[in-house]
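Structural description and commentary
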Amino acid sequence: MVMNTARLRRLGRRLVELSMSTGDEGEPMFTPGEEAVFEDVLGHPGSTVGEIHARTGFAQSHVSASVARMRERGLLATEPDPDDGRRTRVRVPDTTVQALFRRATTPVAEVVRRAVPDGEDAERAVSLLTQLEALLVTDGSHGRG
């Protein structure tokens, strides 16, 4: 089978799915829109929905809905603005930062084993991913282009 760019995109999407999965259930932690809002809050703690809207370019209603969903899941925390009680400030709680750190430092072999149950195939996949990472990401002489 010859790999073409369509298959490469499919592989890329699958790798992103695996990297975004959480725990054994393999569910993504964020939708793409939520991820953008979350990253903005992470970089600008204590922001208002209006400030997040201005930086991300998302509709204010989208930002509000994303913040509400993530707050319900415990991924974001909100509190009233001490200077203006009509506004709400958004931040990332320490428990979320700790969970993200655990997820980011999970060995790839664990994630691959959940996706590829056969032990030998999982080991081979990890080896191939390690080689690809070395060729396409780590080595500055190979590249993006």
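This text follows the structure it describes.
To keep things clear, this report deals only with the structure shown in the data block. (Residues numbered from 1 in each chain as written. Predicted model: local features only at pLDDT ≥ 70, side-chain atom pairs only at ≥ 80, totals over all residues. Heavy atoms only, no water.)

A word on the overall build of the protein
Put simply, the rule is: The helix count covers DSSP runs of H or I at least four residues long, the strand count covers runs of E at least two residues long, and both are numbered beginning at the N terminus. Each radius of gyration is computed over the set of C-alpha atoms, and the globule rule expresses the reference value as 2.2 Å times the number of residues to the power 0.38. Note on definitions: a residue-residue contact is assigned when non-hydrogen atoms from the two residues lie within 4.5 Å.
Scanning the protein from N- to C-terminus turns up seven helices and five strands. For the protein, the C-alpha radius of gyration of 19 Å lies well beyond 15 Å, the compact-globule estimate for 145 residues. If you line up the protein on its principal axes, its C-alpha atoms span 60 × 35 × 25 Å. Put simply, of all contacts in the protein between residues at least 6 apart along the chain, 45% involve residues at least 24 apart.

Describing the nonpolar core
Put simply, the test is: Only buried Ala, Val, Leu, Ile, Met, Phe, Trp, Tyr and Cys residues count toward a nonpolar core, and they belong to the same one when joined by side-chain atoms within 4.5 Å. Here the term buried applies to any residue with accessible area under 20% of the maximum for its type, exposed to any over 50%, and partly exposed to those in between, with areas from a 1.4 Å probe on protein chains only.
Among the nonpolar cores identified, the biggest contains 15 residues, and Phe30, Val37, Phe38, Val41, Met70 and Leu76 are the most heavily contacted of them. Looking at this core, the elements that each hand over two or more residues are helix 2 (32-43), helix 3 (49-56) and helix 4 (60-72). Discounting chain neighbours no more than four positions away, the residues touching Phe30 are Glu35, Phe38, Met70, Arg73, Leu75 and Leu100.

Points about the side chain of Asp81
This is how the line gets drawn: Side-chain atoms alone can form a polar contact between residues adjacent in sequence; in general such a contact is a pair of N or O atoms within 3.5 Å, and within protein one must be able to donate a hydrogen while the other accepts it.
Looking at where Asp81 falls in the secondary structure, it is placed in the loop between strand 4 (77-80) and strand 5 (88-91). Looking at Asp81, the relative accessible area reads 4%, which means it is buried. In terms of polar contacts, Asp81 uses its side chain to reach the side chain of Arg89, at 2.9 Å. Leaving out residues up to four positions away in the same chain, Asp81 has contacts with Arg87, Thr88 and Arg89.

A short note on a negative patch on the surface
Test applied: For patch building, the residue pool is restricted to those with more than 30% relative accessible area and no salt bridge; the joining distance is 9 Å between like charges and 5 Å between nonpolar side chains (Val, Leu, Ile, Met, Phe, Trp, Tyr). For every accessible area listed, the method is Shrake-Rupley and the probe measures 1.4 Å; residues are considered covered only by the protein chains on display. The salt bridge criterion pairs a side-chain nitrogen of Lys or Arg with a carboxyl oxygen of Asp or Glu, the two atoms within 4 Å. In this tally, Lys and Arg are treated as positive and Asp and Glu as negative; His is ignored, and so are the chain termini. We put the charge of a Lys on NZ, of an Arg on CZ, of an Asp on CG and of a Glu on CD.
Where like charges cluster on the molecular surface, the negative patch consists of Asp118, Glu120, Asp121 and Glu123. On the basis of relative accessible area, Asp121 is assigned to the partly exposed category, the value being 45%.

Observations concerning the sheet that holds strand 3 (residues 47-48)
For clarity, the threshold we go by: At least two bridges found by DSSP between two strands is the condition for calling them paired.
An order of 3-5-4 is seen for the three strands of this open sheet, with the pairing classed as antiparallel. Each having just a single partner strand, strand 3 and strand 4 make up the two edges of the open sheet. With four bridges connecting them, strand 4 and strand 5 associate as antiparallel partners. Note that in strand 5 the partner of Pro80 across the bridge is Thr88.

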